[in-house]
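Letter by letter, the chains look like this.
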Amino acid sequence: MTLIDPGSPEQVLPTPSHTVGPFYGYALPFRGGEEIAPLGHPDTVTVHGYVLDGAGDPLPDALLEVWGPRPDGTVPRVDGALRRDPATGGFLGRNGVEFTGWGRIQTDANGHWYARTLRPGARGRSAPYLSVCVFARGLLVHLFTRVYLPGDDAALAADPLLTRVGDRRDTLIAEDEGNGTYRFDIRLQGEGETVFLEFQ
């Protein structure tokens, strides 16, 4: 596995090989984490795909965190994605009205995940994207990547990160399936490995 540091002149950094967990399945998941967009919002998009290991097999126990700005590119500052029931202490999920821009999603038994969120707006010189953090078996440290949505070829061509990763840029751009639905598979190793980022 290799990492790309978006702020460093060095492009490819090796990562160590370790095995750990998954121990996060008990405390981290929460109900409704994939429903990030407010109910009925007109700018809602669905991003979905599979988390795949080095052999191309789906991981049924991966966990993803997704962050994205509003359609105008501003970052939400709303609390409350993990509201608790004061009587039971259990998680209530979202209130269905406010947009926090954040979600936590478990893959299903087939390694599939999805998130319904608002189409992200551009920020700075970057094309619109969603940030993704991947937790999975065999990973000692979680991985960061981006999901760029197609539709603005000029913005994608000018994006600083996409220009740095060269011919691997396609591993960061989702496939448009129509009707506001995008496919984005995350490949942890092997052929077509997703570009992962390191932030220092």
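The name an unreviewed UniProt entry assigns to the protein is Protocatechuate 3,4-dioxygenase subunit alpha, from the organism Streptomyces achromogenes. The record in UniProt for the protein states the following under Sequence similarities (unreviewed entry): "Belongs to the intradiol ring-cleavage dioxygenase family."

**With respect to the overall build of the protein**
Per the secondary structure count, the protein includes two helices and 14 strands. Taking all 200 residues of the protein together, 43% fall into the buried category. A separation of at least 24 residues holds for 69% of the contacts in the protein among residues at least 6 apart in sequence. Put simply, the protein shows about 10,400 Å² of open surface, and 51% of that area lies on carbon and sulfur atoms.

**A look at the side chain of D159**
Turning to its location among the elements, D159 is positioned in the loop between α1 (153-158) and α2 (160-164). With no salt bridge to any partner, buried D159 finds its closest opposite charge in R146, at an N-O distance of 4.6 Å. If sequence neighbours within four positions are ignored, D159 has contacts with R125, S126, A127 and Y148.

**Structural notes on the nonpolar core**
Grouped together as the largest cluster of nonpolar side chains are 28 residues, with contacts concentrated most on V47, V51, W113, V134, V147, I186 and L188. Of all the secondary-structure elements, those providing two or more residues to this core are β3 (44-52), β4 (63-67), β8 (112-118), β9 (129-135) and β10 (143-148). Among the nonpolar cores identified, the runner-up in size contains 11 residues, and L162, V165, I173 and L197 belong to it.

**As for the pattern of salt bridges**
Evaluated as defined, the whole model comprises five salt bridges. R116 serves as the salt-bridge partner of E35, at 3.3 Å between the closest nitrogen and oxygen. Taken together, the positions of E35 in the loop between β2 (13-14) and β3 and R116 in strand β8 put the pair 81 residues apart, joining distant regions of the chain. For R116, a relative accessible area of 32% corresponds to the partly exposed category.

**Thoughts on the environment of N95**
Within the secondary structure layout, N95 lies in the loop between β6 (91-93) and β7 (102-106). Separated by 56 residues in the primary sequence, N95 and L39 place their C-alpha atoms 9.3 Å from one another.

**Here's the deal with unusual backbone geometry**
Even without glycine at this site, N179 takes up a positive phi of about 55°. With respect to the helices, strands and loops of the structure, N179 is situated in the loop between β11 (175-178) and β12 (181-183). A relative accessible area of 85% places N179 in the exposed class.

**Section: the packing of aromatic side chains**
This structure, assessed with the given rule, holds one aromatic pair. Here the aromatic rings of Y129 and Y148 are separated by 5.4 Å at their centres, their planes lie at 50°, and the arrangement is tilted. On the criterion of sequence distance, the pair formed by Y129 in strand β9 and Y148 in strand β10 is long-range, its members being 19 residues apart. Per residue, the accessibility class of Y129 equals that of Y148, and both read buried.

**A few points about the pairing of β11**
Summarising the sheet, β11 and β12 pair through three bridges and their orientation is antiparallel. By the bridge assignment for β12, E175 is matched with R183. Count of turn residues in the β11/β12 antiparallel hairpin: two residues, of which N179 carries a positive phi of about 55°.

**Notes on the pairing of β7**
Of all the five residues making up β7, four are buried; the element is thus mostly covered by neighbouring parts of the structure. Summarising the sheet, β4 and β7 pair through five bridges and their orientation is antiparallel. The residue of β7 that forms the bridge with L64 is I105.

What counts as what
- The written sequence of each chain sets the order in which its residues are numbered from 1.
- Under the rules for a predicted model, residues below a pLDDT of 70 receive no local features and side-chain atom pairs below 80 are neither given nor counted, while totals for whole chains, interfaces and linings still include all residues.
- Side-chain calculation: all heavy atoms of the structure are included, whereas hydrogens and water are not.
- UniProt positions are given in the numbering used here, feature names are shortened, and annotations may be inferred rather than shown by experiment.
- Numbering of helices and strands runs from the N terminus; a helix is a DSSP stretch of H or I covering at least four residues, while a strand is a stretch of E covering at least two.
- Whether a residue is buried, partly exposed or exposed follows from its accessible area with a 1.4 Å probe, protein chains only, as a fraction of its type maximum: under 20%, in between, or over 50%, in that order.
- By definition, residues are in contact when any of their heavy atoms lie within 4.5 Å.
- The accessible surface values rely on the Shrake-Rupley method and a 1.4 Å probe; as for residues, cover is taken only from the protein chains in view.
- Just so you know, the count uses Lys and Arg for positive and Asp and Glu for negative, and it drops His and the chain ends.
- The working definition used for a salt bridge is a side-chain nitrogen of Lys or Arg within 4 Å of a carboxyl oxygen of Asp or Glu.
- By nonpolar core is meant a set of buried Ala, Val, Leu, Ile, Met, Phe, Trp, Tyr and Cys residues that side-chain atoms within 4.5 Å join together.
- For Phe, Tyr and Trp, where Trp contributes only its six-membered ring, two rings pair if their centres lie within 6.5 Å, and the inter-plane angle classes them as stacked under 30 degrees, edge-to-face over 60, or tilted in between.
- What makes two strands pair is DSSP finding at least two bridges between them.

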